[in-house]
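Results of the structural survey
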Amino acid sequence: MTLFELQILDFIQYHLRSNIMDGVMKAVSLAGTAGFVWILIAVLLFICKKTRIDSISMSLAVIIGVVLCSIIIKPLAARLRPCDVNTAVELLIARPHDYSFPSGHTTAAFAAATCLFFCRSRLWPYLMLFAVIMAFSRLYLYVHFPTDVLAGCVLGFICGWAGYRSGVLLGKLPVWGKLRQRVRTQV
């Protein structure tokens, strides 16, 4: 953690906060909590036969991100959150109980968006915009340092690619080939 990172967070707190932004940032952050938004998107993609592989790929990307970020890296890095360093800031959300580095919300968001980019889904630009807003929300809410969010972006890109590649490999299994044939004949 650097003084510069705290200055960035304090700048956001003192110059960008508003009642409207408070509500939006809390809602965006809540949508990413426990993977709610990613589970919902994966289910909706799975319903349509044409996007089942995309759904599975995106789910794998998010799962890979959770394992790497929350189970492996966070306990190893054991970085305090900015709200633990500067306790004078009033949090708008409940204080997260895990470590700060990297941002799990950001990792999951970028993993999903990046995976759908590689899958050539029409949804990827919207999810990428949402991922950027999700990343900013973690700074706005004073629960992550900028380098936590940056690391979450990078890790998310890697996990998104890994999820895509895993989905491609699964798509080559005979059962998925038969599914693709049925979808093509029905369209």
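Here goes a summary of the coordinates provided. (Residues numbered from 1 in each chain as written. Predicted model: local features only at pLDDT ≥ 70, side-chain atom pairs only at ≥ 80, totals over all residues. Heavy atoms only, no water.)

Glancing now at the overall build of the protein. Scanning the protein from terminus to terminus reveals 9 helices and 0 strands. In sequence order, the secondary structure elements of the protein are arranged as α-α-α-α-α-α-α-α-α. Burial statistics for the protein: of 187 residues in total, 45% are counted as buried. Taking as baseline every contact in the protein between residues at least 6 positions apart, the subset at least 24 positions apart corresponds to 81%. For the protein, the exposed area adds up to about 10200 Å²; of that, 71% sits on carbon and sulfur atoms. (Helix = DSSP H or I, 4+ residues; strand = E, 2+ residues; numbered from the N terminus. Buried < 20%, exposed > 50% of the residue type's maximum accessible area, 1.4 Å probe, protein only. Contact = heavy atoms within 4.5 Å. Areas by Shrake-Rupley, 256 points an atom, 1.4 Å probe, with all protein chains shown as cover.)

Interhelical geometry of helix 3 (residues 36–47) versus helix 4 (residues 52–77) gives an angle of 160° and a closest axis separation of 7 Å. Relative to helix 4, the element helix 3 lies roughly antiparallel. The interaxial crossing formed by helix 3 with helix 4 has left-handed handedness. Here helix 3 contributes Trp38, Ile41, Ala42, Leu45, Phe46 and Ile47 to the contact with helix 4, which in turn contributes Arg52, Ser55, Ile56, Met58, Ser59 and Val62. Classifying every residue of the contact of helix 3 with helix 4 gives 9 nonpolar, 2 polar and 1 charged. (Axes fitted to C-alpha atoms, helices over the stretch in contact; angles between N-to-C directions. Parallel < 35°, antiparallel > 145°, perpendicular 65-115°, else oblique. Left-handed = near helix turned anticlockwise from the far one by under 90°. Nonpolar A, V, L, I, M, F, W, Y, C, P; charged D, E, K, R; others polar.)

Formed by 42 residues in total, the largest nonpolar core has its most connected members in Trp38, Ile41, Met58 and Leu127. Of all the elements in the fold, those that place two or more residues in this core are helix 1 (3–15), helix 2 (19–32), helix 3, helix 4, helix 6 (104–118), helix 7 (124–140) and helix 8 (146–171). Apart from the residues within four sequence positions on either side, Ile41 is in contact with Met58 and Leu127. (Core = buried A, V, L, I, M, F, W, Y, C linked by side-chain atoms within 4.5 Å.)

Turning next to the environment of Ala109. In this fold, Ala109 is placed in helix 6. Separated by 34 residues in the primary sequence, Ala109 and Pro75 have C-alpha atoms spaced 20 Å apart. In this view, Ala109 contacts Trp38, Ala131 and Met134; residues no more than four positions away in its chain are not counted.

A complete count under the given rule lists 6 salt bridges for this structure. In this structure, Asp148 engages Arg79 in a salt bridge whose closest nitrogen and oxygen atoms are separated by 2.6 Å. Here Asp148, found in helix 8, pairs with Arg79, found in the loop between helix 4 and helix 5 (82–85); they are 69 residues apart in sequence, far enough to count as distant. Here Asp98 and Arg81 are joined by a salt bridge, their closest N and O atoms 2.5 Å apart. Here Asp98, found in the loop between helix 5 and helix 6, pairs with Arg81, found in the loop between helix 4 and helix 5; they are 17 residues apart in sequence, far enough to count as distant. Using a relative accessible area of 2% as the deciding quantity, one classes Arg81 as buried. It is possible to trace a salt-bridge network through shared partners that takes in Glu5, Arg79 and Asp148. (Salt bridge = Lys/Arg side-chain N within 4 Å of Asp/Glu carboxyl O.)

Moving on: the side chain of Gln13. Within the fold, Gln13 resides in helix 1. Of note is the side chain of Gln13, whose polar atom sits 2.7 Å from the side chain of Arg17. (Polar contact = N/O pair within 3.5 Å; in protein donor to acceptor, adjacent residues only side chain to side chain.)

Further remarks concern unusual backbone geometry. The step from Phe101 to Pro102 runs through a cis peptide bond, and the omega angle for that step is -10°. Within the secondary structure layout, Pro102 lies in the loop between helix 5 and helix 6. Here Ala34, not a glycine, exhibits a phi torsion of approximately 60°, which is positive. One can find Ala34 in the loop between helix 2 and helix 3. By relative accessible area, which is 75% here, Ala34 ends up exposed. A positive phi angle, close to 65°, is found at Tyr142, a residue other than glycine. Topologically, Tyr142 is positioned in the loop between helix 7 and helix 8. In this structure Tyr142 comes out as buried when scored by relative accessible area, which is 0%.

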